[in-house]
Amino acid sequence: MQSPSPRRPISVLAVLPSQEPLIDSAMATLERRPPRIPLEEAKTPPGLVLDPNFAAVPIGTGVPGEMSLEAVAPTQSRDFVVRAFVEVSDPSEVPVERDGRPLFADPLIATFPTCPNSPAVGGVPDVEARLRTAALAGRGLDGQGVAIAVLDTGINLAHLRSKLGTVPLFDAGNSWTPPRGTTAPGTYPVNHGTMCAFDALIAAPKATLLDFSILSTRVPGGAMTGSTLAVAVQAFAQLIAFWGVAFAPGGAPRYKALVVNNSWGVYHPSWDFPPGHPGRYIDNPRHPFQGLVSVLAGAGADILFAAGNCGADCPANECQGRVTGTIMGANASPDVLTLAGCDVTDTRVGYSSQGPSIAGLYQQKPDLTAYTHFLGSDAFGPGVPDNGTSAACPVAAGCVAALRTKLTPQAVPPPNLFAQLTASARQVVPSPGWNGDYGHGIIDPDAAAAGFGV
């Protein structure tokens, strides 16, 4: 008789009802203090082991569309998300719930660089020319007073200074360090996050960077290390709290706007719960992370996600040969601007994920295309291009930040700004409108500014 497979722990995101240890855990994170009540004192269903390093995150009712800034305040929230572990013999057997409390996926998430051996096409001057950054500057659109949160592997300010010739504006106090993190914001090793920060400053050189290190870097040989969606959940909770304080009505706002760059995602459905599981992430609008994205977008933050690097011409290895329906999870949310990539000749890069998004979820993705595969940050070494839809996303984030210099979220909410960007995008195919390669076209921030009359 064959012996049963050994049971092993798998991480999940569990939804628990409000209770004092969870409220205190969430408040401690937002107030940046040690918790007064150990998280382990929270009442949990049998078979669920809490991760004490993951603070509880308030999610209101947990139902996207019903969540708001007020509802996700720790003292008002009905439910909280915690990271926990359940033991299973096979990942396909992960339970739907424990004692009536739903369990959601906590999949691996990763950066979206690719094609390290493919030569660069052009450089920053070419990107500036295509985006007409001089015209933007002439309109007074340079990102001054706008915060750009880079959710990535961390930023290295010293490297940015060496490349830019000046120290970029940086807000260490409102940056965020993940649980058990020991590296100070702005001092991370030069890697993917530094590339994203550099690229965001092309169109918005006077924007203020916020460093949210949520991703692990690749180890030698290219293997992934273990960042999961749980860290992004905490980061978004911190951004929601930041919005509630820095953009509070009635006071002097700390920033004019908040732009959130996400050059990461899930490469393959095998990273997620199996099809049909109600806690699955990639095609489930009811996943708690989707709700947090909706809350922050509804509050007025501009959220951008990379489309991914599973395009049919040269998909990344992590795509496992799957090249359809690869814009997944929050990357396909209607609340975000999803970016495909092209080079400075307006030619789509072959790895850029193509729409429609994953079957049954938000079909017209990507929304827009931005520039990538150019010589820029040297974050991966001299002569290695800033690449992937990972670079296209912050290039577009900088365009959004530039527009926000004069267009506040109160006057022009994110859906209106995104609509103008898609309407003013440059077409590169004979037929107008949306297509799966370029979305609505290539981003043209100067045309968008003209459309707004700024």
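As a starting point, this report considers the structure included with it. Worth saying up front: this structure is predicted, and the values here are computed from it rather than measured. (Residues numbered from 1 in each chain as written. Predicted model: local features only at pLDDT ≥ 70, side-chain atom pairs only at ≥ 80, totals over all residues. Heavy atoms only, no water.)

Moving on to the side chain of Asp 106. Note on placement: Asp 106 falls in the loop between β6 (101-105) and β7 (110-111). In terms of polar contacts, Asp 106 uses its side chain to reach the side chain of Ser 11, at 3.0 Å. Separated by 2.8 Å, the side chain of Asp 106 and the backbone nitrogen of Ala 230 make a polar contact. Setting aside chain neighbours within four positions, we find Asp 106 in contact with Ser 11, Val 12, Leu 13, Arg 83, Thr 228, Leu 229 and Ala 230. (Helix = DSSP H or I, 4+ residues; strand = E, 2+ residues; numbered from the N terminus. Polar contact = N/O pair within 3.5 Å; in protein donor to acceptor, adjacent residues only side chain to side chain. Contact = heavy atoms within 4.5 Å.)

This part is about the sheet that holds strand β13 (residues 302-306). Read from one edge of the open sheet, seven strands run β9-β10-β8-β11-β13-β14-β15, paired in parallel fashion. Each having just a single partner strand, β9 (169-170) and β15 (368-371) make up the two edges of the open sheet. Taken strand by strand, helix α7 (residues 288-299) contacts β11 (257-262) and β13, and its axis lies near 135° from that of β13. (Pairing = 2+ DSSP bridges. Axes fitted to C-alpha atoms, helices over the stretch in contact; angles between N-to-C directions.)

Along the chain, Lys 365 turns up in the loop between β14 (337-342) and β15. For Lys 365, a relative accessible area of 3% corresponds to the buried category. A distance of 3.1 Å separates polar atoms of two side chains, one belonging to Lys 365 and the other to Thr 338. Contacts of Lys 365, omitting those with residues within four sequence positions, involve Ile 327, Asn 331, Ala 332, Ser 333, Pro 334, Val 336, Thr 338, Gln 354, Gly 355, Pro 356, Ser 357 and Trp 434. (Buried < 20%, exposed > 50% of the residue type's maximum accessible area, 1.4 Å probe, protein only.)

Another aspect to go through is the nonpolar core. Counting residues in hydrophobic clusters, the biggest one holds 139 residues, and the most contacted among them are Leu 151, Ile 214, Leu 258, Trp 264, Phe 289, Leu 296 and Ile 303. Top contributing element to this core by residue count: helix α6 (residues 229-246), with 13 residues. Residues contacting Ile 214, with those up to four places away along its chain left out, are Ile 109, Leu 151, Asp 152, Trp 176, Ser 227, Val 231, Ala 232, Ala 235 and Trp 264. (Core = buried A, V, L, I, M, F, W, Y, C linked by side-chain atoms within 4.5 Å.)

All right, on to the pairing of strand β4 (residues 79-88) then. Burial runs high along β4: eight of the 10 residues are buried. Bridging between strand β1 (residues 8-17) and β4 involves 10 bridges; their strand directions are antiparallel. Its bridge partner lying in β4, Pro 9 is registered against Glu 87. Where strand β2 (residues 49-50) lies against β4, two bridges are found, and the strand directions are antiparallel.

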